[in-house]
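Examining the three-dimensional arrangement
Okay, here's what each chain looks like letter by letter:
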Amino acid sequence: MRNKFIFILVVLALFSSVRVNASYHYKITAIASAPTGKGKVYASNSDSDTPNWNVSTTEAQTTMEGDQSYWNPLSQTLYLYAQPETAYEFKGWGTSEAQTTGLSEGNPLGVTFSSTESEASTDWKKTRYAIFSPIQYRITYEPGSGTVPGTNPQSYDIESSDVIRTPSRDGYNFDVWKVTSETSGSWEKNNPVSAGTTLTGNYGDVTLTAQWTPIEYSITFSANGGTGTDPTQIEYTIEETVTLPSNPYFKTGCEFSGWKPASAVGNWKTSENYAAGATVTTGKYGNVTLAAQWDEFVDIVISVSGLKNGESAIFTVAKGDATLYTVALSSTKSTITIKKQLPAEYTVTPLSWSWTYSMTAPITKTISSSDHTFSFTANKDTDAKEHAEKSNVNWKP
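Here's a quick rundown of the structure. (Residues numbered from 1 in each chain as written. Predicted model: local features only at pLDDT ≥ 70, side-chain atom pairs only at ≥ 80, totals over all residues. Heavy atoms only, no water.)

1. A closer look at the side chain of Ser218
Heads up, the condition is: Going along the chain from the N terminus, every DSSP run of H or I of four or more residues is numbered as a helix, and every run of E of two or more is numbered as a strand. Burial classification: accessible surface area is computed with a 1.4 Å probe over protein chains only, and a residue below 20% of its type maximum counts as buried, one above 50% as exposed, and the rest as partly exposed. Whether two residues touch is decided by their heavy atoms; if any such pair falls within 4.5 Å, the residues are in contact.
Locating Ser218 in the fold gives a position in strand S13 (residues 217–222). Its relative accessible area of 16% is what places Ser218 among the buried residues. Those residues in contact with Ser218, other than ones at most four positions away along the chain, are Gln233, Ile234, Glu235, Tyr236, Gly286, Asn287 and Val288.

2. Digging into the sheet that holds strand S7 (residues 123–134)
For the record, the criterion: When DSSP finds two or more bridges between two strands, those strands count as paired. For every element, the axis is a line fit to its C-alpha atoms; helices are fit only across the contacting stretch, and the angle between N-to-C directions ranges from 0 to 180 degrees.
Pairing is mixed in the open sheet, where four strands are placed in the order S3-S1-S7-S5. The two strands at the open ends of the sheet, each matched to only one other strand, are strand S3 (59–69) and strand S5 (88–94). Mean inter-strand twist for the sheet, computed between neighbouring axes without regard to direction, equals 20 degrees. As paired strands, S5 and S7 are joined by six bridges and run antiparallel to one another. What sits directly across from Phe90, in S7, is Phe132.

3. Looking at the pairing of strand S10 (residues 172–182)
Alignment of S10 against strand S12 (residues 206–214), held across eight bridges, turns out to be antiparallel. If you follow Lys178 over to S12, its bridge partner there is Thr209. By the bridge criterion, two bridges tie S10 to strand S11 (residues 192–193) in an arrangement that is antiparallel. Note that in S11 the partner of Lys178 across the bridge is Pro192.

4. Some remarks on the pattern of salt bridges
Our working definition: Criterion for a salt bridge: a side-chain nitrogen of Lys or Arg within 4 Å of a carboxyl oxygen of Asp or Glu.
Enumeration according to the criterion identifies three salt bridges in this entry. We note a salt bridge from Lys91 to Glu89, for which the minimum N-O separation is 3.8 Å. When the shortest N-O distance is used, the salt bridge between Lys284 and Glu272 registers 2.7 Å. Taken as a pair, Lys284 in the loop between strand S17 (279–280) and strand S18 (288–305) and Glu272 in the loop between strand S16 (254–261) and S17 lie far apart in primary sequence, 12 residues in all. When its relative accessible area of 12% is taken as the criterion, Lys284 is described as buried.

5. Quick look at the packing of aromatic side chains
Stated precisely, the cut-off is as follows: Aromatic pairs are defined between Phe, Tyr and Trp rings, using the six-membered ring for Trp, whenever the two ring centres lie within 6.5 Å; interplanar angles under 30 degrees are classed as stacked, those over 60 as edge-to-face, and all others as tilted. Remark: a charge is flagged as sitting over a ring if the NZ atom of Lys or the CZ atom of Arg is within 6 Å of the ring centre and within 35 degrees of the ring normal.
If you walk through the whole model with that rule in mind, you get 18 aromatic pairs. With a centroid separation of 5.5 Å and 70 degrees between ring planes, the pair formed by Phe90 and Trp93 is classed as edge-to-face. You can call Phe90 partly exposed: its relative accessible area is 23%. The class of Trp93 is buried, set by a relative accessible area of 1%. When the ring of Tyr156 is compared with that of Trp187, the centres are 6.3 Å apart and the planes differ by 85 degrees; the resulting orientation is edge-to-face. Residue Tyr156 is found in strand S9 (residues 155–156), and its partner Trp187 is found in the loop between S10 and S11; the two are separated by 31 residues along the sequence. On the basis of relative accessibility, which here comes to 7%, the residue Trp187 falls in the buried class. Within the aromatic cluster, the residues linked to one another by ring pairs are Tyr141, Tyr172, Phe174, Trp177 and Trp212. Between the NZ or CZ atom of Lys126 and the centre of the ring of Phe113, over which it lies, the distance is 4.9 Å.

6. Digging into a negative patch on the surface
Where we set the bar: Put simply, a patch holds well-exposed residues, over 30% relative accessible area, that have no salt bridge, with like charges counted together within 9 Å and Val, Leu, Ile, Met, Phe, Trp or Tyr side chains within 5 Å. Reported accessibility uses the Shrake-Rupley method at a 1.4 Å probe radius. Residues are deemed covered only where the shown protein chains occlude them. When charges are counted, Lys and Arg are positive and Asp and Glu negative, with His and the chain ends excluded. For charged residues, the charge sits on one atom: NZ in Lys, CZ in Arg, CG in Asp, CD in Glu.
On the surface, Glu216, Glu235, Glu239 and Glu240 cluster together into a negatively charged patch. For Glu239, the location among the structural elements is in the loop between strand S14 (234–236) and strand S15 (242–243). Taking relative accessible area as the criterion, Glu239 reaches 49% and is therefore assigned partly exposed.

See below:
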């Protein structure tokens, strides 16, 4: 009996010894990785560290090792920290560098090692990848009456390869964009930004204002079938008014009626007609030739019959709203000839009658009252010399 008791004590002692010594050595490592240029990482055994980001790198690790009893599950947590670089934001942790969804949140992130298996005694490592994304910024353009190309980027990030393009504006050459407003970013206020600048490496909201220089254009003159010395060429810009010269040309059988663009250039139109000495207001642009305009002359013959002694017929000859002549005919002066030009419209008003005549061919019109006949005849003027003499005097019938 005594021997049996001793045996039991020995077995218990051995069993107790095995249980006390039933442990293993563990070594756990948490690794943090970050893409170069986008952020930094830091690893620690504590969740209350203050990382020194000035010396942190794109890869960091922390290790813990010790002895663990088989009878107690391993449960240790190591901590990973992430810090984005300028113009990036931290999105979370992934198990691969390319992961974009299902990221683990937390900064620091607790990485827990937990096991009751003996394999935990090996060198056990867990790697987590810090995922960063470039921040999106806004670009505002102020073209100053110009047009911004539709391909100009409205938003961008520090990795964008987009290019800032050239705007357009009638009558101006584009110089540069100028930074007129910026947030705390890479842009500096009042700095020039050339067209063709790539956005890569820039960050921050910014307003770019176009800078312009007015283009210098020229106005030349054409006699358009006449003869004489051309006026001096005029240089001008879209911001300047222009005074046109008087007519220096002469054309047989014609009278100068104004200047017209020989062709449509810039915003000059062939339908425009400018008087000699006229002022052209600001806003015009383009190299233009102004051609002299000529009206051919006609004889306007006006006569009245049936007037008795002491009677008279008073009428006017008008061009548009402007009265050119007031004419009185009588029994002793029943016909008068007025030399005027084509193709203007003339309104002849005898007594209480009126009509409008636009010269395209010789014409005679006659109207009658109960006892008077009024005749109006127009023919092309072929007597250039006579016209030249009369056109230089202030002649009225």
